[in-house]
Amino acid sequence: MKKAGLYYLITLTAIATGIFLYSPVHAQDSPLLKDFTFSADYAYYTKYVSKGFTWDNDPALQAGFYMGFHGLTLTVWDSMDIRNQEGVVSDEVDYVAEYAYSIKRLKLSIGHAYFDYPGTNLFSREISAGVAYDILLSPSLSWKIDYSDEKRGGADGNYVAVAIAHSFPAGKLMSVDLSGHVGYNDGYFIRGKGGDVALTAGLSIPLTDKLTFKPNINYALPYADQADEQDGNQDSRVFAGVVMGYSL
């Protein structure tokens, strides 16, 4: 309960600060405030799948709050199981800090994340690095290193992913969003080596100048030791989601 209370306190603080910074009066007081960004999203997914792992076959509600300033982004993200038919508790709260620096079309990033699993006394910590290039298909490479003990909830391994994404207009307002990645898993919640392939297709439908509705469908395919019944024991999954995004 204490951790959940802390999460909601941070969330409310992020919302209040974002609104304060972007109020017209304060935006006029200091030009520095123009460098702040604030966004949030609220999503429903039929399953919780990430990095090729099915964390829960039950539907999940997920909410994220993001605040940025001069390349630094602070994120609070939450996933909550809403049905719990399988008896699996997959609730999760993530706290992430990431710094990104751009050199023309090249974007470099480094970050740290703390993953809390309420009700289990388990947690995980991860450092990450990434590089992205602003050209057609937006190719990117990310490397995540979990340095937490598996007995306390950590993955204690490496996860590397190569990703691409592209959006193109559909009609006057909507866009079709396609993305995918190939991940390589070296001991990340498994004993051996494996990985996953993920594909996503969705629509972006603007409701207002700040509010966007995004339905999507996803396919996740684990391979090698991640799919091995004696190790990762993960199956391929098809799942869908709807996301409501807000950006100031």
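So, how was this worked out
- Residues numbered from 1 in each chain as written.
- Predicted model: local features only at pLDDT ≥ 70, side-chain atom pairs only at ≥ 80, totals over all residues.
- Heavy atoms only, no water.
- Helix = DSSP H or I, 4+ residues; strand = E, 2+ residues; numbered from the N terminus.
- Buried < 20%, exposed > 50% of the residue type's maximum accessible area, 1.4 Å probe, protein only.
- Contact = heavy atoms within 4.5 Å.
- Areas by Shrake-Rupley, 256 points an atom, 1.4 Å probe, with all protein chains shown as cover.
- Salt bridge = Lys/Arg side-chain N within 4 Å of Asp/Glu carboxyl O.
- Phe/Tyr/Trp six-rings, centres within 6.5 Å; stacked < 30°, edge-to-face > 60°.
- Lys NZ or Arg CZ within 6 Å of the ring centre and 35° of its normal.
- Pairing = 2+ DSSP bridges.

## Regarding the overall build of the protein
Looking only at helices and strands, one finds two helices and 14 strands in the protein. Expressed as a percentage of the 248 residues in the protein, the buried residues total 35%. For the protein, long-range pairs separated by at least 24 residues make up 45% of all intrachain contacts whose partners lie at least 6 apart in sequence. For the protein, the accessible surface area stands at approximately 14200 Å², while carbon and sulfur atoms represent 63% of it.

## Thoughts on the environment of I205
Checked against the element boundaries, I205 lands in strand β12 (residues 193-206). With 35 residues separating them along the chain, I205 and A170 place their C-alpha atoms 9.8 Å apart.

## Notes on unusual backbone geometry
Its identity is not glycine, yet S138 carries a phi of approximately 45 degrees, on the positive side. Its place among the elements puts S138 in the loop between β8 (122-133) and β9 (140-146). Look at S138 and you get partly exposed, because its relative accessible area is 35%. Phi angles above zero are rare outside glycine, and A224 is one such case at about 55 degrees. Structurally, the position occupied by A224 is in strand β13 (residues 211-224).

## Some thoughts on the pattern of salt bridges
Here the structure, examined in full by the defined rule, presents two salt bridges. Taking the shortest distance from any N to any O, the salt bridge between K193 and D186 comes out at 2.8 Å. K210 is the salt-bridge partner of D209, the closest N and O atoms lying 3.6 Å from each other. Looking at D209, the relative accessible area reads 70%, which means it is exposed.

## Remarks on the packing of aromatic side chains
Tallying each qualifying case throughout the model produces ten aromatic pairs. Aromatic pair F36 and F69: ring centres 4.3 Å apart, planes at 25 degrees, arrangement stacked. Here F69 lies in strand β4 (residues 60-69) and F36 lies in strand β1 (residues 36-45), a separation of 33 residues in the sequence. Among the residues examined, F36 registers a relative accessible area of 17% and is labelled buried. Here the basic side chain of K51 rests over the ring of Y159, its NZ or CZ set 5.9 Å away from the ring centre.

## Here we look at the pairing of β12
One ladder, built from twelve bridges, connects strand β11 (residues 174-186) with β12; its direction is antiparallel. Of the residues in β12, the one forming a bridge with S179 is T200. A loop of six residues connects β11 with β12, the two strands running antiparallel in sequence, and G187 in this loop sits at a positive phi of about 75 degrees. The loop that links β12 with its antiparallel partner β13 comprises four residues.

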